[in-house]
Each structure stands twice: as C-alpha cells, then as structure tokens.
Amino acid sequence: MTDHTAKTPSSRGGADRRLGPVMSRRSLLFLGAVGLASIPVAAGGPSDLPGLSLAGDEDEMLDARDYGARGNGTADDTRALQRLLDASARRGAVAFLPAGTYRCTAGLLLRSDVRLHLDRRARLVKDWAAPPGMVDAFLRNADFAAKANRVQITGSGSIGARDHSRTGVVLALYGDDVAISGISVDTYAGGQAVMYGGDRGRITAVTVRNSAPETGTGGIRVIGGEDFLGTGCHVESGDDCFQFVPIGNPEAEPTLYNRTISRGSFVGCTGGSSVSRFMVALLEFTGGEPGTTDMDASVVDCSFVDCHGSAANRGIVVKNTHSRGAIERITFTDCSVDMAGAADASTQEIRVQTDPASRGSIRDVVFTRTDVLHPVNSTLRAGGPNISGLTFDGCSFTAPSGAAPMTVVVDGTDRPRFTGCTFAGAPGKRHVVAGPTAPVRELAVEDCRFTGIDGAWAVDVLAAAGVRIAGSTFQAAAGSTTARAIRTSPTTSGVVIQGNDFTGISNPTPITDRAVGTTLSGNSGL
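Residues numbered from 1 in each chain as written. Predicted model: local features only at pLDDT ≥ 70, side-chain atom pairs only at ≥ 80, totals over all residues. Heavy atoms only, no water.

**Here's the deal with the overall build of the protein**
Worth spelling out the cut-off: To qualify as a helix, a DSSP run of H or I must reach at least 4 residues; to qualify as a strand, a run of E must reach at least 2; elements of each kind are numbered from the N terminus. Each residue is placed in one exposure class: buried if its accessible area under a 1.4 Å probe, protein chains only, is under 20% of its type's maximum, exposed if it is over 50%, and partly exposed if it falls in between. Working rule for contacts: check all heavy atoms of both residues, and any pair within 4.5 Å makes them a contact. Per-residue accessibility takes into account occlusion by the displayed protein chains alone, with areas from the Shrake-Rupley method and a 1.4 Å probe.
Looking only at helices and strands, one finds two helices and 50 strands in the protein. Across the 526 residues of the protein, 59% fall into the buried class. Contacts in the protein between residues far apart in sequence, at least 24 positions, make up 76% of those at least 6 positions apart. Total accessible area on the protein stands at roughly 18700 Å², and carbon and sulfur atoms take up 50% of it.

Here's what the structure looks like:
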C-alpha cells in the first residue's frame, strides 16, 4: 500500500482532494498540542471551514480512507487503521480519521511518534471481548517492554466498545511525553478507560462515559512514572474515577508491575462512580491477601486539586495494604465528593488505611478545604499502623445520615491534626473518636467548630499519647441538655485542653476527664 498525503492532487490517485489553504508545520504542531479541539471537522477533511492542507514534505496529514478504511460501521477497518498508524509513526505525520464509524476486531498498536487525530464525528469501535489487562487493550503499545514515546491522540471524536459485552481496557499506553486531548471514551466494560505509565504524560479535557456499572470498570489510572498531569477531565465510571495506582499483580502485567508514581496531579476534574470511589491513591493487589506480593513501589508527591464528583462506596481512599513502600506527601485541595448514593454500611466516605502484613506506610497526607457532601456512613476512618502526619485543614465534616454512630474515627496514627475544621452533628453521633481499637499519638484539634452536639461527646479520646484540643468552640443542639464537649479515657496521657469556648454547652460538666495529669487553661464556660 502506498502512503498517501494531502500534498498534491496526484498523490490522491489523480482526484483533486486537496484540503484547501496551506498550514505550516509549526501551526500544525501547535494545534496538535491543544488537540485541534477548537477546529470543527467535516467528512471531507479536517475542517468545516473552507478546507485545510499541509505544506512541505514533512507536513503530512494521512487520511484513513487512503489506507483502505471504510468508516461505515460494518466493514472491519482494523488492518487499514494499523497501516495508517504505522505510517504516522514512520513519517511523523498526523493520522486523520474523518467522520465515520471505524469498526475494529483486534487491537491497534501504537508506536513512538504516532499522532492520531479524530474528527468530532469519528468513532473508533471495539467489536470484540478481551480480558481487562493492558496487553489486550484496544489502543496500546506495540510492546510494553519498550516505551512508545511522544504519542498523541487528539480531536473530539470518540473511542469505545460496540456495547458492554465487548469488554477490555480502551487505551493502554506506556511512554514518555504522551498527550491525550479532547477525545471521549464512550461505552466500555471490564477494564479501565485509560491506563497510563511514563514520564510527562498529559491527559487534557478527556471525557469518559457510558461505563458498565460494575467493579473493575474504572476511569483514568496512572500506573507509574513522573510528572503526570490530568486537567479538566470528566469521568463517569463504574469503578474508581481518578487513580494513582501502580499495578500490584505480577501475573497480570509482569513488565509494568510494581512501578513508583511521583509528582502526578489531577486538576479541575469532575465525574462520578456508580459503584465505587472517586479519587484514590492505592498500593494494593486486589487478587491476593496482604503480604502475598513483594511490592516496594510508592506513590509520592501527588495531588488532586479542584476535583468534584460523586461516589457510591467510599469517596476518597488512600490505602497501602500490599507494598513495603510508602504513600506520602499526597494532597487534596478544594475538592468535594457527594456520597448521597452510598449504601448504609461501614464503608466510610474517606478511608486512610494500611495493613501490618505489608510493612508499608502512609505519611504526610493533607486535605485542605476538601469536603464530603451528604455522607451516609462514617465521614472519615483512618486506621494504621504506620500512618503519620494526616492533616485536615479547613474541611467540613457532617454527621452521617446512616446508622454509623461516629463521624470521624482515627486509629493507630501518629500526628493526626484537625485545624480550622467544622463539624456538624446529629442526635447520638460523636464528632471525633480517637483510638477506639489502637492508640493514636500527638492528636491535635485546633481552631475547630463543633455544632449540633446532642447526647454524646464531640471529641471522645479513648486511647492516645499526647493530645491538644485548643481554640475550638462547642455548641449543643437546640434544647439538648445531655450534650458534652470532650471525654478523655484513663488510657490517654499528655492531654492539653486550652483556650476553648464551652459556653454553648448547657450541661454542667462539658468535660469528662478520666486521664491523669490533664492540663486545663484559658477555657470559657467551665
């Protein structure tokens, strides 16, 4: 098959299919960087405007139709599209899919320097079922033992399965300087919409929708590498939406197993999970028990910024149950998760968790102005061991509407800190419970506001070494005479209760102090 370009009329078999005014290579590269998303596209060429063509031997746009693709939704276009993608990689040209439905019955292999652009009315359709791993993905590396670098997938068209019976991962890429922009992943099941590993990856304004509502069908998952940025994406998935999760199963993906992720960020992303979680940073192996793998991967210096969505089974999860490595310096800033659709079970809306068998840790995770909306179960549950430096700054915690009797539970952690937070209570619900099963160390509750206290203590310290509760205000629910502010147990030591305002508590003993050597100073309302 001869490679065709938009350079001359004769290169199109004699038919004059020139695309109009000349575009420079510099302009093309710029538009590729932004995904050409602002250019409306028609069936006859890359623009609804009066045409568009490329100048110079290196400035090529390769049309899928010239490689034998039919785009009619019934013909098998797999081989034609593979020829197109191979030519794009060889020549550094843009592989262009005009409007149409391109049916494929096998995966499309992406090599370094492939540049694929989809017309807004172009659809790549996966018409076969596959297992959920990367090696069987629809669009994937030619060889996961070697990076496919500088791959670009842009445009406003869509990629997805014919229906939910055509299972498998949609996009699986391992390479540096990969850019995916503007496209939609539409209709998929039994695998992630996007799995990416590599350095300096960029996923911009990608939409994921029409997921099967089932576990295992996730959104955008980063599996390894440095300096990832996902911006302005919208994911509606069955399973987890936005993920920093190395591969923890050495049998599933032996080449890409156990990779560390560092300096990744999701910014301005939205969406929702129909059966699972919205934002996650995980070191786990879902096919085995803790201690059954030899992982030492870490997730470090990653962030979620201005991300808002919904979930059904935990909204935010930071979990290390299968690696000797660490999840550390993870931040959640100005984010929210609506949990109105959660079941009334002990699933917790924010979960921070380790397992002693893994010997791994979670350190210095910070939530800033990050809220759970409409919680059904315990709003936060943190359980160690080896969890330290967990900080909540300016967050709001609302008592769960379900049967859970506690809003925030902190167990087996060092240096948990709540500063400038607001806690809204409900009858019979405790706001903060520390150490119900394992002692905490250096607990700080500072400059917080507790409202709606009714029939229980707002802060209940069951087991802790070193506690500071300072500068906070406590307000009973209207008409409540049983509300109390703080309880410390005999298994608690080093307690300082200082500068708090208890005037909103009508109970004559707002503090139940059973610890030894508690320091009380500067409090009002005692």
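Read on for the rest.
**Quick notes on the sheet that holds strand E42 (residues 449-453)**
Where we set the bar: Whether two strands pair depends on DSSP finding at least two bridges between them. Every axis in this analysis is a line fitted to C-alpha atoms, fitted for helices over the stretch in contact. Angles between the N-to-C directions lie between 0 and 180 degrees.
Pairing is parallel across the open sheet formed by five strands, whose spatial order is E36-E39-E42-E45-E48. This sheet does not close on itself; its edge strands, each paired only once, are strand E36 (396-398) and strand E48 (501-504). If you compare each strand with its neighbour and ignore which way they point, the axes differ by 15° on average. Taken together, the three bridges between E42 and strand E45 (residues 473-476) define a ladder with parallel strand orientation. By the bridge assignment, Arg449 is partnered in E45 with Thr473.

**Concerning the pairing of strand E22 (residues 261-267)**
Summarising burial for E22: five of the seven residues are buried, a large majority. Here six bridges tie strand E19 (residues 220-231) to E22, and the two strands are oriented parallel to one another. Its bridge partner lying in E22, Glu226 is registered against Ser262. Here E22 runs beside strand E25 (residues 299-300); their pairing, made up of two bridges, is parallel. Each residue of the ladder has a partner; that of Ile261, found in E25, is Val299. Alignment of E22 against strand E26 (residues 303-305), held across three bridges, turns out to be parallel. The partner of Val267 across the bridge, within E26, is Val305.

**Focus: the environment of Phe367**
Mapped onto the elements of the fold, Phe367 is located in strand E32 (residues 361-368). Along the sequence, Phe367 and Thr331 sit 36 residues apart, while their C-alpha atoms lie 5.9 Å from each other. For Phe367, the contacting residues outside a window of four places in its chain are Ile316, Phe332, Ile350, Leu390, Thr391, Phe392, Asp393 and Cys395.

**Focus: the sheet that holds strand E20 (residues 234-237)**
Strand pairing in a sheet takes place through backbone hydrogen bonds and is either antiparallel or parallel in direction. What the 11 strands build is an open sheet, ordered E4-E6-E9-E12-E15-E18-E20-E23-E27-E30-E33; its pairing is parallel. Since the sheet does not close on itself, it has two edges, and those belong to strand E4 (72-76) and strand E33 (371-373), each with one partner. The average angle at which neighbouring strand axes cross in this sheet is 20°, direction not considered. The sheet contact formed by E20 and strand E23 (residues 270-273) spans four bridges and is parallel. Among the inter-strand pairings, Glu236 is bridged to a residue of E23, identified as Gly272. Contacting E4, strand E6 (100-104) and strand E9 (122-126), helix H2 (residues 78-91) crosses the sheet at an angle of about 100° to E6.

**So, the side chain of Asn320**
Cut-off, in case you're wondering: Pairs of N or O atoms within 3.5 Å make up the polar contacts considered here, provided that, within protein, one atom can donate a hydrogen while the other can accept it, and that residues adjacent in sequence are counted only when both atoms are side-chain atoms.
Here Asn320 lies in strand E28 (residues 316-320). Side-chain polar atoms of Asn320 contact the backbone oxygen of Ser361, separated by 3.2 Å. Setting aside residues no more than four positions away along its own chain, Asn320 makes contact with Leu283, Gly325, Ala326, Ile327, Gln353, Thr354, Asp355, Ser358, Gly360, Ser361 and Ile362.

**Some thoughts on the packing of aromatic side chains**
Formally: The aromatic pairing rule takes the rings of Phe, Tyr and Trp, using the six-membered ring of Trp, and pairs them if the centres are within 6.5 Å, calling planes under 30 degrees apart stacked, those over 60 edge-to-face and the rest tilted. Lysine NZ or arginine CZ positioned within 6 Å of the ring centre and within 35 degrees of the ring normal marks a charge as sitting over the ring.
The full count for this structure, using the stated rule, is 20 aromatic pairs. On the numbers, 5.6 Å between centres and 90° between planes, the contact of Phe242 with Phe278 is edge-to-face. Highlighted residues: Phe242 in strand E21 (residues 242-244) and Phe278 in the loop between E23 and strand E24 (279-283), separated in sequence by 36 residues. Residues Phe242 and Phe278 agree in their burial class; the two are buried. A ring pair is formed by Phe332 and Phe367, whose centres lie 4.7 Å apart and whose planes are at 5°; its orientation type is stacked. With Phe332 in strand E29 (residues 326-333) and Phe367 in strand E32, this pair connects stretches of sequence that are 35 residues apart. Accessibility classification places Phe332 together with Phe367 in one group, the buried group. Above the ring of Trp457, the side-chain terminus of Arg487 is found at 3.9 Å from the ring centroid.

**What about empty space enclosed by the protein?**
Which entries qualify depends on this criterion: A pocket, in this scheme, is an open set of points on a 1 Å grid over the protein atoms alone with protein on both sides within 12 Å along at least 5 of 7 lines, while a cavity is a set where a 1.4 Å probe fits but cannot get out; residues line either one if an atom lies within 4 Å of a point. Grid points are joined across faces, edges and corners, and a volume is the space filled by probe spheres set on the points. As a working rule, the residues Ala, Val, Leu, Ile, Met, Phe, Trp, Tyr, Cys and Pro are called nonpolar, Asp, Glu, Lys and Arg charged, and the rest polar, with Gly in that last group.
For the structure shown, the criterion picks out two cavities of 30 Å³ or more. Computed from the structure, the second largest cavity encloses a volume of approximately 40 Å³. Taken together, Ile350, Phe367, Thr370, Asp371, Val372, Thr379, Phe392, Cys395, Ser396 and Phe397 make up the lining of the second largest cavity. Counting only elements with at least two residues in the lining of the second largest cavity, the list comes to E33 and E36. When its residues are assigned to classes, the lining of the second largest cavity shows six nonpolar, three polar and one charged.

**Overview of the nonpolar core**
Formally: Residues enter a nonpolar core if they are buried and are Ala, Val, Leu, Ile, Met, Phe, Trp, Tyr or Cys, with the set joined through side-chain atoms within 4.5 Å.
Formed by 120 residues in total, the largest nonpolar core has its most connected members in Leu124, Ile153, Phe418 and Phe474. Here this core gets six residues from one element, more than from any other, and that element is H2. For Leu124, the residues in contact, after removing those within four places along its chain, are Leu81, Leu97, Tyr102, Cys104, Leu108, Leu116, Phe138, Leu139, Ser158, Ile159 and Gly160. With 10 residues, the next largest nonpolar core counts Met134, Ala137, Phe144 and Met195 among its residues.

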